[in-house]
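Fold and contact review
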Amino acid sequence: EEVQELREAGRMNEVLRKEVVTLSSRKETLEKDLEKSYQSEVKKIYDYECTLKAKDDEIGRLKAALERSQKGQKESDMAKQIAVERRKEQEDYYRAQVDVKKSQAKE
């Protein structure tokens, strides 16, 4: 009977050993899958951060372009105003010249 118990214990030991090997293999597989999943998520986050950085850079460039455009528009408006003022000054000058010639002609 003791021999029978030892054989039974040996079979149970073998079954348990196989189960340990199976579970160890499954554990390794799960750890590898987890690592792959983790690396995939890290890559997604990195890609997202790169996209955000690119969008921030693009926004910065657009803001700078808008500021330059607005500054250019202000300068253009000022140049137009100066041109209008000069034209008025020239018209006033020519009118004054005409008035002077008219008064000289009367004399």
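From a predicted model like this one, the values you see are computed outputs, not experimental measurements. (Residues numbered from 1 in each chain as written. Predicted model: local features only at pLDDT ≥ 70, side-chain atom pairs only at ≥ 80, totals over all residues. Heavy atoms only, no water.)

Observations regarding the overall build of the protein chain
A tally of helices and strands in the protein chain yields one helix and zero strands. At 46 Å, the protein chain has a C-alpha radius of gyration far larger than the 13 Å of a compact globule built from 107 residues. Taken along its principal axes, the extent of the C-alpha atoms in the protein chain is 155 × 10 × 5 Å. Between the averaged position of the 25 positive side-chain charges in the protein chain and that of its 25 negative side-chain charges there is a distance of 10 Å. (Helix = DSSP H or I, 4+ residues; strand = E, 2+ residues; numbered from the N terminus. Rg over C-alpha atoms; globule rule 2.2 N^0.38 Å. Lys, Arg positive; Asp, Glu negative; His and termini not counted. Charge placed at Lys NZ, Arg CZ, Asp CG, Glu CD.)

A look at the pattern of salt bridges
Counted by the stated rule, this structure contains seven salt bridges. Between K27 and E31 there is a salt bridge, with its nearest N and O atoms 3.9 Å apart. Remark: E31 and K27 occur in helix 1 (residues 2-106); sequence separation between them is four residues, near one turn of the helix. Two residues, D47 and K43, come together in a salt bridge whose shortest N-O distance is 2.9 Å. Placement of the pair is D47 and K43 together in helix 1, with a separation of four residues, close to one helical turn. The class of D47 is partly exposed, set by a relative accessible area of 33%. (Salt bridge = Lys/Arg side-chain N within 4 Å of Asp/Glu carboxyl O. Buried < 20%, exposed > 50% of the residue type's maximum accessible area, 1.4 Å probe, protein only.)

Quick word on the packing of aromatic side chains
All told, the structure shown has one aromatic pair when counted by the stated rule. For the pair Y93 and Y94, a centre-to-centre distance of 5.8 Å together with 65° between the ring planes defines the contact as edge-to-face. (Phe/Tyr/Trp six-rings, centres within 6.5 Å; stacked < 30°, edge-to-face > 60°.)

Quick notes on the environment of G60
Tracing the backbone shows G60 in helix 1. Relative accessible area serves as the criterion here: at 37%, G60 is assigned to the partly exposed category.

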